[in-house]
Amino acid sequence: MISIDKELEFELGEVTRRTHDLNIPVMIIIEGAPASGKSRLANALYMSLDAKYTDFIATRPPREADLRYPFLHRYWYHLPKDGDINIHFRSWYSQLIEYKDYRIKRNINADFKQIEDDMRNFEKTLTDNGYEILKFYINTDKEVRERHLQKLKNNPVLKWKAEEFQSRLQHHDYDLEMEHFLMDETVCPWTRIDFHNKEEAANTLYSSIIKQLKIRIKREQENKPQIDGMFQRDFKTGLFTFDFDKESIGKNEYKDMLPALQSRMREIQFQLYQAKIPLVLVYEGMDAAGKGGNIKRTRALLDPTGYKNNAIGAPADIELAHHYLWRFAKRTPRSGHIGFFDRSWYGRVLVERIEGFTPASAWQRAYDEINNFEKSLYNSGAIIIKFFLSLDKNEQLERFKERENNPEKRWKITDEDWRNREKWDLYLEASEDMIRKTDTAYAPWKVIPANDKRYARITALRTIIKICEEHLAKADKRV
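Notes on the structure in this doc start here. Note that the structure is predicted; figures quoted are calculated from it, not measured. (Residues numbered from 1 in each chain as written. Predicted model: local features only at pLDDT ≥ 70, side-chain atom pairs only at ≥ 80, totals over all residues. Heavy atoms only, no water.)

Let's talk about the overall build of the chain
Helix and strand content of the chain: 19 helices and 10 strands. By principal-axis analysis of the C-alpha atoms, the chain measures approximately 80 × 55 × 40 Å. Sequence separation of 24 or more characterises 82% of the internal contacts of the chain that already satisfy a separation of 6 or more. Put simply, the chain shows about 23500 Å² of open surface, and 47% of that area lies on carbon and sulfur atoms. (Helix = DSSP H or I, 4+ residues; strand = E, 2+ residues; numbered from the N terminus. Contact = heavy atoms within 4.5 Å. Areas by Shrake-Rupley, 256 points an atom, 1.4 Å probe, with all protein chains shown as cover.)

With respect to the nonpolar core
One finds Trp-92, Leu-279 and Trp-345 to be the most contacted residues of the largest nonpolar core, which totals 100 residues. Top element by residues in this core is helix H19 (residues 453-478). It accounts for 11 residues. For Trp-345, the contacting residues outside a window of four places in its chain are Val-280, Val-282, Tyr-324, Leu-325, Phe-328, Ile-370, Phe-373 and Glu-374. Grouped together as the second largest cluster of nonpolar side chains are 31 residues, Val-15, Leu-41, Ile-85 and Ile-217 included. (Core = buried A, V, L, I, M, F, W, Y, C linked by side-chain atoms within 4.5 Å. Buried < 20%, exposed > 50% of the residue type's maximum accessible area, 1.4 Å probe, protein only.)

So, helix H10 (residues 251-275)
If you check H10, its first and last C-alpha atoms are 36 Å apart, about what 25 residues at 1.5 Å a residue would give, namely 36 Å. Of all bends in H10, the biggest is about 25°, found at Met-257, and the proline Pro-259 comes one to four residues later. Phi turns positive one or two residues past the end of H10, at Lys-276, with a value near 60°. (Expected span 1.5 Å × (residues − 1). Bend = angle between axes of the 7 residues up to and from the residue.)

Some details on the packing of helix H4 (residues 92-101) against helix H8 (residues 174-182)
Packing of H4 against H8 brings their axes to within 11 Å, and their N-to-C directions diverge by 120°. Judged on the interaxial angle alone, H8 and H4 are oblique. Along this stretch, H4 crosses H8, giving a crossing that reads as right-handed. Touching Tyr-93, Ser-94, Leu-96, Ile-97, Lys-100 and Asp-101 of H4 are Tyr-174, Glu-177, Met-178 and Phe-181, all from H8. Class assignment of the residues belonging to the contact of H4 with H8 gives a composition of 6 nonpolar, 1 polar and 3 charged. (Axes fitted to C-alpha atoms, helices over the stretch in contact; angles between N-to-C directions. Parallel < 35°, antiparallel > 145°, perpendicular 65-115°, else oblique. Left-handed = near helix turned anticlockwise from the far one by under 90°. Nonpolar A, V, L, I, M, F, W, Y, C, P; charged D, E, K, R; others polar.)

Topic: the pattern of salt bridges
Going through the model one piece at a time under the given rule, you end up with 36 salt bridges. A salt bridge links Lys-135 to Glu-123, with the nearest nitrogen and oxygen atoms 3.0 Å apart. Here Lys-135, found in strand E4 (residues 132-139), pairs with Glu-123, found in helix H5 (residues 112-128); they are 12 residues apart in sequence, far enough to count as distant. Note on accessibility: Lys-135 and Glu-123 belong to one class, buried. Put simply, Glu-432 and Arg-436 hold a salt bridge, and the shortest N to O gap is 3.1 Å. (Salt bridge = Lys/Arg side-chain N within 4 Å of Asp/Glu carboxyl O.)

Observations concerning unusual backbone geometry
Of note in the backbone geometry, Met-230 takes a positive phi value of approximately 50° without being a glycine. The topology assignment puts Met-230 in the loop between helix H9 (198-222) and H10.

Some points on the packing of aromatic side chains
Taken as a whole and judged by the stated rule, the model has 23 aromatic pairs. On the numbers, 6.2 Å between centres and 35° between planes, the contact of Trp-92 with Tyr-93 is tilted. We classify Tyr-93 as buried; its relative accessible area is 4%. A centroid spacing of 6.4 Å and a plane angle of 15° characterise the contact between Tyr-137 and Tyr-174, whose relative ring orientation is stacked. One end of the pair, Tyr-137, is in strand E4; the other, Tyr-174, is in helix H8, and 37 residues separate them in sequence. Assigned by exposure class, Tyr-137 and Tyr-174 land together as buried. (Phe/Tyr/Trp six-rings, centres within 6.5 Å; stacked < 30°, edge-to-face > 60°.)

Thoughts on the side chain of Ser-390
Here Ser-390 shows up in strand E9 (residues 383-390). The class of Ser-390 is buried, set by a relative accessible area of 1%. Excluding residues that lie within four positions of it along the chain, Ser-390 makes contacts with Phe-240, Phe-242, Phe-244, Met-286, Val-447, Ile-448, Pro-449, Ala-450 and Asn-451.

Details of the sheet that holds strand E10 (residues 445-449)
Sheet architecture is open: 5 strands sit in the order E7-E8-E6-E9-E10, paired in parallel fashion. Of all the strands in the sheet, just strand E7 (307-311) and E10 have a single pairing partner and so form its edges. Within this sheet the neighbouring strands show an average axis-to-axis angle of 15°, counted without direction. Looking at chain direction, strand E6 (residues 279-285) and strand E8 (residues 338-342) are connected through 5 bridges and run parallel. When the bridges of E8 are listed, Tyr-283 appears paired with Asp-342. (Pairing = 2+ DSSP bridges.)

As for the sheet that holds strand E2 (residues 54-58)
Pairing within the open sheet is parallel, and its 5 strands lie in the order E2-E3-E1-E4-E5. One side of each edge strand has no neighbouring strand; the edge strands of this open sheet are E2 and strand E5 (190-194). On average, adjacent strands in this sheet sit at an angle of 20° to one another, irrespective of strand direction. Sheet topology places strand E1 (residues 26-32) next to E4; 7 bridges connect them, and they run parallel. Residue pairing across strands places Glu-31 opposite Tyr-137, the latter belonging to E4. The sheet contacts of H9 involve E1, E4 and E5, and relative to E4 the element is tilted by about 165°.

Regarding H5
The terminal C-alpha atoms of H5 lie 24 Å apart, and with 17 residues this matches the ideal 24 Å at 1.5 Å per residue to within 8%. For H5, every residue scored as buried is listed here: Phe-112, Ile-115, Glu-116, Asp-118, Met-119, Phe-122, Glu-123, Thr-125 and Leu-126. Tucked inside the fold, the buried residues of H5 contact E1, helix H3 (73-77), H4, E4, H8 and helix H15 (360-379). You can read the cap of H5 off the contacts: a side-chain oxygen lies 3.3 Å from the backbone nitrogen of Lys-113, and it is on Asp-111. (Polar contact = N/O pair within 3.5 Å; in protein donor to acceptor, adjacent residues only side chain to side chain.)

As far as function goes, none of this settles anything; it's purely spatial.
Encoded structure:
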């Protein structure tokens, strides 16, 4: 049992209640070698914080199920919501050490340098979006560690714990591995705490948390973000300039082509599963451009146990209380599976920019954040293909009227659709900015003229098949 300074404990309670009231999400990272004393420090801290908005996240060694998802998946999943606190007992740092030292390469692209970059980008994305990340490394010398281990060995009930610790210590030099990260300059610097005296260590931990959170509270009170979509007065598109009449396919030709492409798509699904490659398919576009119908034809013959169709609507309250990427990161497909996204994380730079739901600094920053998010999926082995279905304004009007006049389709048209149509030029400019700033080699955009639904469906299927075949051929060469 660690005796905590009562004044520090009281002050910590006051400060964290303030961060809760200000909706500041806090992540406290506690790392340290096995038998370093970090569990006692972590528990003391956990006991001192309000249980209503504090969670304890223990990072265990990755299991087979964890290896089926992108490296950072479980950390995205466990993000605290606004005003909450997460204590991460071991974190993505420990996980990477275990990936490296146990030479984990099953089901993942194990390029560890790229994963380090993903970790840095992950922390920057969170801090830029209001998360406060405090990182502590519990340092102890080998003599103290050995005394702790011997004490555990002498206790028949806890002997197993000593054996587990020794197994880890024999397998890798955790301190040496962590030194690389401790010396790395990141947006969230480390605080080292010596655990030679447990009371002094606890006081240092509490004092550091209080100091950093006070700085954040002061900054929060001074920050007044500007809401501005920053649209041009007379925007002229240079991207959506199709001759829609030429981009079409006849009905009979379509009927001949579609079944073969759908059958090949089913084969692609099984090949991806066998190769353990996840596929992420993103569909954006104007209202009534045919995104849902396009997805429907692509998945018509697929095995439903191997894909998930994510139809994205307005965020719920719990989603608004998290980082905007949280609800999407949780839905990324595991290895060998396909994730369809009918609208996506690009709402940040489309509807949120157009409607003024987010400050200018936030949607402008989101282009890089989204690129980094997609890069982390790619670095974990995913194929990412993004479609933008472009529609002529007059064609959209015809489709809106058709929906209104057809009782079977009337549910598809709402007052909001008509209201959004009035902002056509804003949506066009935001879409063009989005595509130009997030079209990357690892997550390319494919802009498809969609006045002819048949043409759009065939083009999307062909694109998916072609890109997947190229990735599968590379995967075969690596085997």
